[in-house]
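# Coordinate inspection notes
Residue-level listing of the chains:
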Amino acid sequence: MAFEIIESCTNCYACEPLCPSQAIYEAKPHFLIDADKCTECAGDFEEPQCASICPIEGAILNEDGVELNPPGSLTGIPPEKLAA
Amino acid sequence: MELPVLNNTASEAPKGGCSAGSCGSTDDQMNHLPDSIRDKVKNHPCYSEEAHHYFARMHVAVAPACNIQCHYCNRKYDCSNESRPGVVSEVLNPKQAVKKVMAVAATIPQMTVLGIAGPGDALANPQRTFDTFRMLNEQAPDIKLCVSTNGLALPENVEEMCQYNIDHVTITINCVDPDVGAKIYPWIFWNNKRIKGREGAAILIEQQQKGLEMLVAKGVLVKVNSVMIPGVNDKHLEEVSRIVKAKGAFLHNVMPLISEEEHGTFYGLTGQRGPTNEELQELQDSCAGDMNMMRHCRQCRADAVGLLGEDRGAEFTLDKIEEMDIDYAEAMKMRAEVHAAINEELESKHKAKETKLVSIEGLKKEVTRPVLMAVATKGGGVINEHFGHAGEFLIYEASSNGVRFIGHRKTTPYCEGGDTCGDGESALDVTIRELSGCEVVLCSKVGYEPWGPLEAAGIQPNGEHAMEAIEDAVLAVYEEMRVAGKLVEKVDEQQKVA
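In short, a report on the structure.

Parameters and conventions
- Residues numbered from 1 in each chain as written.
- Chains lettered and ligands numbered in written order.
- Predicted model: local features only at pLDDT ≥ 70, side-chain atom pairs only at ≥ 80, totals over all residues.
- Heavy atoms only, no water.
- Helix = DSSP H or I, 4+ residues; strand = E, 2+ residues; numbered from the N terminus.
- Areas by Shrake-Rupley, 256 points an atom, 1.4 Å probe, with all protein chains shown as cover.
- Pairing = 2+ DSSP bridges.
- Contact = heavy atoms within 4.5 Å.
- Axes fitted to C-alpha atoms, helices over the stretch in contact; angles between N-to-C directions.
- Buried < 20%, exposed > 50% of the residue type's maximum accessible area, 1.4 Å probe, protein only.
- Polar contact = N/O pair within 3.5 Å; in protein donor to acceptor, adjacent residues only side chain to side chain.
- Expected span 1.5 Å × (residues − 1).
- Parallel < 35°, antiparallel > 145°, perpendicular 65-115°, else oblique.
- Left-handed = near helix turned anticlockwise from the far one by under 90°.
- Nonpolar A, V, L, I, M, F, W, Y, C, P; charged D, E, K, R; others polar.
- Core = buried A, V, L, I, M, F, W, Y, C linked by side-chain atoms within 4.5 Å.
- Phe/Tyr/Trp six-rings, centres within 6.5 Å; stacked < 30°, edge-to-face > 60°.
- Lys NZ or Arg CZ within 6 Å of the ring centre and 35° of its normal.

### A short note on the overall build of chain B
Within chain B, the secondary structure is distributed over 16 helices and 15 strands. With an accessible surface of roughly 20600 Å², chain B has 50% of that area assigned to carbon and sulfur atoms.

### Comments concerning the sheet that holds strand S2 (residues 68-69) of chain B
Within a beta sheet, neighbouring strands are joined by backbone hydrogen bonds and run either parallel or antiparallel to one another. Residues and elements named next belong to chain B. An order of S2-S6-S7 is seen for the 3 strands of this open sheet, with the pairing classed as antiparallel. Of all strands in the sheet, those bounded by a partner on one side alone are S2 and strand S7 (193-196). Bridge analysis of S2 against strand S6 (residues 187-190) gives 2 bridges, and the strand direction is antiparallel. Along S6, the bridge assignment pairs Gln69 with Trp187. Across the sheet, helix H7 (residues 197-217) is in contact with S2, S6 and S7; its angle to S7 comes to roughly 105°.

### Points about the environment of B:Gln209
All names here are of chain B. Position of Gln209 among the secondary structure elements: in helix H7. Judged by relative accessible area, Gln209 falls into the buried class, the value being 8%. For the pair formed by Gln209 and Lys247, sequence separation is 38 residues and the distance between their alpha carbons is 8.4 Å. With near-sequence residues (within four places) excluded, Gln209 lies in contact with Ile173, Val176, Ile243, Val244 and Lys247. Reaching out from Gln209, the side chain makes a polar contact with the side chain of Lys247 at a distance of 3.0 Å.

### A word on helix H3 (residues 94-107) of chain B
Residue and element names in this part refer to chain B. Spanning 14 residues, H3 covers 20 Å between terminal C-alpha atoms, matching the ideal 20 Å at 1.5 Å per step. The buried count for H3 comes to 10 of 14 residues, which makes it a mostly enclosed element. The opening residue of H3, the one whose side-chain oxygen lies 3.1 Å from the backbone nitrogen of Lys95, is Asn93.

### Structural notes on the packing of helix H4 (residues 126-139) of chain B against helix H5 (residues 154-163) of chain B
Helix-helix packing is characterised by the crossing angle of the two axes and by the distance between the axes. All names here are of chain B. Where H4 meets H5, the axes come as close as 10 Å, and the angle between the chain directions of the two elements is 15°. Classified by the angle between their axes, H4 and H5 sit roughly parallel to one another. The interaxial crossing formed by H4 with H5 has right-handed handedness. Side by side, H4 and H5 meet where Pro126, Phe130 and Arg134 of the first sit next to Asn157, Glu160 and Met161 of the second. The class makeup of the residues in the contact of H4 with H5 is 3 nonpolar, 1 polar and 2 charged.

### Observations regarding the sheet that holds strand S3 (residues 111-116) of chain B
All names here are of chain B. With respect to topology, 7 strands assemble into an open sheet ordered S9-S8-S5-S4-S3-S1-S10, the strand pairing being mixed. The open sheet has two free edges, formed respectively by strand S9 (251-256) and strand S10 (305-306), since each of these has just one partner strand. Bridge count for strand S8 (residues 221-228) against S9 is 6 bridges, and the pairing is parallel. Note that in S9 the partner of Met228 across the bridge is Pro256. Relative to strand S5 (residues 166-172), H7 is tilted by about 160°, and along the sheet it contacts S5 and S8.

### Digging into unusual backbone geometry
For the bond running from A:Lys28 to A:Pro29, omega is 0°, close enough to zero to count as cis. Tracing the backbone through its elements, the reader meets A:Pro29 in the loop between strand S2 (24-25) and strand S3 (32-33). Cis geometry marks the peptide bond from B:Gly118 to B:Pro119, where omega comes out at 15°. Within the secondary structure, B:Pro119 is located in the loop between S3 and H4. Even without being glycine, B:Asn165 reaches a positive phi, approximately 60°. Along the chain, the position of B:Asn165 falls in the loop between H5 and S5. Given a relative accessible area of 52%, B:Asn165 falls into the exposed group.

### As for the nonpolar core
Residue and element names in this part refer to chain B. If you look at the biggest cluster of nonpolar residues, it comprises 62 residues, and the most contacted ones within it are Val60, Met111, Leu114, Phe133, Ile143, Met161 and Leu215. No other element matches H3, which puts 8 residues into this core. Each residue touching Phe133, except ones within four places of it in the same chain, is listed here: Leu114, Ile116, Leu145, Cys146, Val147, Tyr164 and Ile166. By size, the runner-up hydrophobic cluster in this structure holds 32 residues, among which are Cys175, Val180, Leu221 and Phe266.

### Some thoughts on the packing of helix H8 (residues 237-246) of chain B against helix H10 (residues 277-288) of chain B
Residues and elements named next belong to chain B. Axis separation between H8 and H10 bottoms out at 9 Å; the angle between their running directions is 35°. The hand of the H8/H10 crossing is right-handed. Mapping the contact onto sequence places Leu237, Glu238 and Ser241 in H8 and Leu283, Ser286 and Cys287 in H10. The residue makeup of the contact of H8 with H10, split by class, is 3 nonpolar, 2 polar and 1 charged.

### Observations regarding the packing of aromatic side chains
In the structure shown here, the tally under the stated rule is 5 aromatic pairs over all chains. With 5.0 Å between their ring centres and 75° between their planes, A:Tyr13 and A:Phe31 make a pair best called edge-to-face. Of the two residues, A:Tyr13 sits in the loop between strand S1 (4-5) and S2 while A:Phe31 sits in the loop between S2 and S3, which places them 18 residues apart along the sequence. Judged by relative accessible area, which is 17%, A:Tyr13 ranks as buried. Relative accessible area serves as the criterion here: at 2%, A:Phe31 is assigned to the buried category. Their ring planes at 35° and their centres at 5.5 Å tell us that B:Phe130 and B:Tyr164 sit as a pair that is tilted. Residue B:Phe130 is located in helix H4, and its partner B:Tyr164 is located in the loop between H5 and S5; the two are separated by 34 residues in the primary sequence. With a relative accessible area of 2%, B:Phe130 lands in the buried category. Here the basic side chain of B:Arg128 rests over the ring of A:Tyr13, its NZ or CZ set 4.0 Å away from the ring centre. Residue placement shows B:Arg194 over the ring face of B:Trp187; its charged tip is 4.4 Å from the ring centre.

Dropping the structure here:
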């Protein structure tokens with residue numbers, strides 16, 4: 001049970017101080033999640049903190065590789081406009 | 001007939017619908033303020049229109065995190081070619097930021113102000129922001145510190161901000177109505193949750209207003225920035241202006257939405273346009289009846305360095321400042337001398353204006369129509385830029401009431417300074433379009449080639465006032481127009497009655 005940050009991360013630092021398990025760390029080329037530490041915030045918060053503040057759609061995946069914030073869910077930009 | 005510079009008319013009794021003190025002129029906004037406040041802003045380029053000709057500012061990009069999303073912002077902020085808020089080239093840690101500030105302060109002694117404005121929100125990164133301020137308090141005490149914030153985390157941070165002598169805060173307030181807010185802010189992060197839509201906007205608005213009240217109660221100067229979004233909040237901003245003034249904000253800065261498809265923002269991709277120059281000025285003028293308006297904002301980057309309108313950030317990249325060896329104690333002495341010289345120059349200018357005002361007192365005024373003039377300047381309050389080198393023009397309005405600053409218009413320099421100007425023609429078209437409504441363009445020099453097209457567009461080029469003070473030159477040209485009979489024919493009856 002762990003999330004993953006992928007390459008679309010812009011290194012904005014927003015998630016790092018919010019993680020109740022200190023699982024998120026600064027790395028190159030982008031922040032990473034220590035899979036051994038990540039609890040998906042179970043027991044600490046109703047909603048996973050990193051995925052709740054991350055401004056980049058698609059940058060955080062769950063353990064099945066599913067985007068926690070799919071395209072259009074944060075910016076309101078219709079996905080077909082994003083692709084263009 | 002000699003005309004007054006409007007800055008000096010604040011002592012006249014207010015007449016009609018808008019109080020004389022805040023009728024939108026350049027720094028008459030300063031004249032009716034208490035001395036303590038005028039003293040605080042006199043060398044702050046972002047708070048005083050006059051100061052921005054002389055003093056420089058810088059932003060350090062230590063705060064990349066944000067706690068809200070705005071529809072005019074794209075969080076993939078990495079472009080060195082763009083100048084707009086939220087964009088930076090490299091994010092710094094607090095130590096690097098302090099080193100950069102001291103390097104800039106030693107190199108550009110007229111830099112008086114350090115602001116943290118993102119590229120996210122300064123107060124969504126309180127640790128990084130406050131670490132930077134704490135070190136600067138200790139190591140560079142002659143630098144003024146400012147914060148720019150969306151206001152969401154403001155109330156919880158007011159106390160700590162005051163500890164670091166932050167006496168200028170800018171809050172971006174685009175609305176006071178959650179229904180309007182829902183069209184601007186898709187979500188906020190609040191109490192460990194992402195809150196979308198109207199509910200999020202309502203919390204943001206409440207926090208902004210509370211933060212404003214707390215800062216005012218602490219005696220902190222607050223400027224309110226608003227982004228004008230046609231069809232979304234343009235009508236609503238007059239109400240925003242009234243409310244923030246009533247709560248004690250001292251300056252309102254209405255800025256045009258910057259929105260292009262290539263910015264990848266919601267507004268850019270969905271075709272939301274920004275306001276025209278005319279629409280912006282109209283809104284600023286209608287807000288001016290209630291509020292001191294700022295019109296000289298250049299909407300600079302979150303890592304901008306230099307005078308407003310210029311960006312010398314490229315001289316102070318991380319690798320370059322690593323090589324600089326700064327003796328800050330020495331630099332502070334030199335900085336103090338430079339600041340004293342500028343202040344002396346400003347004071348003598350103020351005295352000269354007062355004398356002029358006395359000399360025209362009692363003269364009967366002839367009512368003449370207002371004229372817009374564009375001015376090319378590199379700073380210093382004088383006309384000292386070639387027409388072809390100007391990347392922006394300042395716009396002044398001359399009328400029988402005097403002269404007032406209206407705003408600025410960006411353009412592509414007609415000629416980058418070489419002997420041959422390959423793309424000069426299309427750049428000239430852009431400049432002529434940007435200067436629409438202006439009847440005169442004042443610059444230190446203007447070439448033969450642009451002269452004809454400018455005249456044909458109804459814009460008289462004028463290079464006869466090089467190195468003169470802007471307001472004096474604008475008034476002199478206006479007076480020439482009056483003598484030549486160019487001002488009387490279009491006076492409308494309403495003005496005659498007033």
